Amino acid sequence: MKPIRILARSISSAFKSVVRNLSLSIASISCIIITLILVAFAIILSANVNNFTSDIESDLTVVVFVNKDATDENIEKLKKNIEIVPNIKEITYKSKDQMKEEMSRENEAFNKIMSEWKEGENPLQPCFIILVNEIENIGETANTIKNLEFVDIVKYGEGMVERLVSIFDIVKKVTIVAVVALVFVTAFLISNTIKITIYSRKNEIDIMRLVGTSNAVIKLPFLFEGLFLGVLGSIIPVLVTIYGYVFFYDKMGGVLFTDIISLIEPYNFVFQISGALVIIGAIVGMYGSYKSVRKYLKI
C-alpha cells in the first residue's frame, strides 16, 4: 500500500506544481506544441518520401533487349544467365508478338501502324523485364547483364535513377536529423521549466532530504510533472496531425501534384503518428525532468 500512496502523492504534487507555476507551464507547453507539430510534419514528410521511394523501387525495371538473331535456345540460356546475376528479384520474358500486342493496345497510333505489318515483318526485339532487389545497385546489375551473350541493349533510365536515389536519400537524412534535433529542443525546454520549478521548491526539498526522504521519492513528482507537460503539449499536435493530414489528403486527391507521387492513406497512418507524438512528448518530458533534477539538485 505504501508504494501506492507514494505514487498517488507524487502525481498530486506534480499536478499542483503544474497549476502553481501556470505561466511557466503554459510557456513550456506552447514550445512543446510548436516543436511536436514540426516533428509531426517531419515524420509525415519522411514517411511519404519512403512510400514514394518504395513505389518507384517496385515499378522500376531493367529492360534487356535480346539480339534479333537469338534462337529460342539462346534466349533460354540468356534467361538462366540473368537469373544468377546478383540483385535480381523477378524476370519476365516478352516475345516480339507480345510486345506488338501490348503496344497496339496502349496506343492508337501504334495500333494503326502495326496493323499494316505483314506476318513475319515484326521488327521489334524480344526482351526481358527485370525487377531488382536494391535500387541503389541497379546500375551495377545492368552493366553485368549488358556483358552477357545475346544481349543487344540494356535500358533502365540510367542517370535519372541515380539522381532520384540521391535526392531521396538526402531528404530522408534531413528529416531524420530534423526530428532528432526537435526532440532535443523539446527536452531542453522542459528541462529548463522543471529547473525553475525545482529552485522555487528548494527549501521544501531540503526539508524532505533532512527527514530522510529517499531520492526516488523526491524525484518522482518532477518526473510526473515532465510527463504531464509532455502529454498536454502533445494534444494539439495530435489534433493538427489527424485533421490536417486528412484535409490535405482529401484536398490533393491522394496524390502530390502528379499521379506518380501517391500519398499514404490517412487512416491508421495518422493514428500511428499521433501515438508516436504522445509517446515522444511523454518520454521527452520525463527525460527533461530527470536530467534537470539530476544536474541541478545532484540528488
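Along each chain, residues carry numbers from 1 onward, in the same order as the chain's sequence is written. Where local features are concerned, this predicted model is filtered to residues with pLDDT of at least 70; where side-chain atom pairs are given and counted, the filter is 80 or more; whole-chain, interface and lining totals use all residues. Values shown for side chains rest on all heavy atoms present in the structure; no hydrogens or waters enter the calculation.

Glancing now at the overall build of the chain. Across its full length, the chain holds ten helices and six strands. Accessibility here uses a 1.4 Å probe with only protein chains present; expressed as a share of the type maximum, an area under 20% marks a residue as buried, one over 50% as exposed, and anything in between as partly exposed. Classification of the 299 residues of the chain by burial places 39% in the buried group. Contacts: residue pairs with any heavy atoms within 4.5 Å of one another. For the chain, contacts bridging at least 24 residues in sequence account for 83% of all contacts bridging at least 6. Working definition of accessibility: Shrake-Rupley area with a 1.4 Å probe, residue cover restricted to the visible protein chains. As displayed, the chain offers around 17600 Å² of accessible surface, 62% of which is attributable to carbon and sulfur atoms. Each helix is a run of DSSP H or I of at least 4 residues and each strand a run of E of at least 2, with the numbering of both proceeding from the N terminus.

What follows deals with the packing of aromatic side chains. Pairing of aromatic rings covers Phe, Tyr and the six-membered ring of Trp, with a centre-to-centre limit of 6.5 Å; geometry is then stacked below 30 degrees between planes, edge-to-face above 60, and tilted otherwise. Following the criterion strictly, the structure yields three aromatic pairs and no others. Plain terms: the ring middles of Tyr93 and Phe128 are 5.1 Å apart, the flat faces sit at 50° to each other, and that makes the pair tilted. Remark: Phe128 occurs in strand S3 (residues 127–132) and Tyr93 occurs in strand S2 (residues 88–94); sequence separation between them is 35 residues. For Phe128, a relative accessible area of 1% translates into the label buried. Here Tyr245 and Tyr249 contribute two aromatic rings whose centre-to-centre distance is 6.4 Å and whose plane-to-plane angle is 40°, an arrangement assigned as tilted. Pair noted here: Tyr245 and Tyr249 are both in helix H9 (residues 215–252), with a separation of four residues, about one helical turn. Through successive ring pairs, a cluster of aromatic residues spans Tyr245, Tyr249 and Phe269.

This brings us to the pairing of strand S1 (residues 61–66). Pairing between strands requires that DSSP locate at least two bridges from one strand to the other. Here S1 runs beside S3; their pairing, made up of five bridges, is antiparallel. Bridging across to S3, Val62 finds its partner in Ile130. In this structure, S1 lies alongside strand S4 (residues 151–155), joined through four bridges in antiparallel fashion. By the bridge assignment, Phe65 is partnered in S4 with Ile153.

A few words on the nonpolar core. Take the buried residues of types Ala, Val, Leu, Ile, Met, Phe, Trp, Tyr and Cys, join any two whose side-chain atoms come within 4.5 Å, and each joined set is a nonpolar core. With 25 residues, the main nonpolar core has Val39, Tyr245, Phe269 and Leu277 as its most contacted residues. When residues of this core are traced back to their parent elements, those giving at least two are helix H2 (22–59), helix H7 (160–200), H9 and helix H10 (266–297). Tallying contributions element by element places H2 first for this core, with eight residues. Residue contacts for Val39: discarding those within four places in its chain leaves Val179, Leu182, Leu277 and Ile280. If you look at the next biggest cluster of nonpolar residues, it comprises 22 residues, including Leu78, Phe128, Ile138 and Val151.

Attention now moves to the side chain of Gln125. Here Gln125 shows up in the loop between helix H5 (108–114) and S3. Classification of Gln125 by relative accessible area gives buried; the value is 15%. Leaving out residues up to four positions away in the same chain, Gln125 has contacts with Phe65, Val66, Asn67, Lys68, Lys96, Met99 and Asp152.

This paragraph deals with the sheet that holds S2. Taken together, the four strands give an open sheet; going across it, the order is S2-S3-S1-S4, and neighbouring strands pair in antiparallel fashion. Pairing within the sheet leaves two strands with one partner each, and these edge strands are S2 and S4. Within this sheet the neighbouring strands show an average axis-to-axis angle of 20°, counted without direction. Note on definitions: angles span 0 to 180 degrees between N-to-C directions of axes, and those axes are lines fitted to C-alpha atoms, for helices only across the stretch in contact. Packed on one face of the sheet, helix H4 (residues 96–106) meets S1, S2 and S3 and runs near 85° to S2.

Residues that lie three or four places apart on an α-helix share one face, since the helix turns once every 3.6 residues. In a helix, the anticipated span is given by 1.5 Å times the number of residues less one. Taking 1.5 Å per residue as the helical rise, helix H3 (residues 72–83) with its twelve residues ought to reach 16 Å, and the 17 Å between its terminal C-alpha atoms agrees with that figure. Of the surrounding secondary structure, the elements contacted by the buried residues of H3 are S1, S2, S3, helix H6 (138–146) and S4.

Residue position: Thr141 is located in helix H6. Its relative accessible area of 3% is what places Thr141 among the buried residues. Between N or O atoms, a polar contact is any pair within 3.5 Å; within protein, one atom must be a potential hydrogen donor and the other a potential acceptor, and residues adjacent in sequence are included only when both atoms are from side chains. Here Asn87 takes part through its side chain, which lies 3.1 Å from a polar atom of the side chain of Thr141. Excluding its chain neighbours within four sequence positions, the residues that come into contact with Thr141 are Val85, Pro86, Asn87, Ile88 and Val132.

Our focus in this paragraph is the pattern of salt bridges. Note on pairing: side chains with opposite charge can pair once their charged atoms come close. A pair is scored as a salt bridge if a Lys or Arg side-chain nitrogen falls within 4 Å of a carboxyl oxygen belonging to Asp or Glu. Here the structure, examined in full by the defined rule, presents two salt bridges. Lys77 is the salt-bridge partner of Glu149, the closest N and O atoms lying 3.8 Å from each other. Separated by 72 residues along the polypeptide, Glu149 in the loop between H6 and S4 and Lys77 in helix H3 bring together distant segments of the chain. Relative accessible area serves as the criterion here: at 47%, Glu149 is assigned to the partly exposed category. Since its relative accessible area comes to 43%, Lys77 is described here as partly exposed. Residue Arg105 is joined to Glu101 by a salt bridge in which the shortest nitrogen-to-oxygen separation is 3.5 Å. Residue Arg105 and its partner Glu101 are both found in helix H4; the two are separated by four residues, about one turn of the helix.

These figures capture arrangement, not role.
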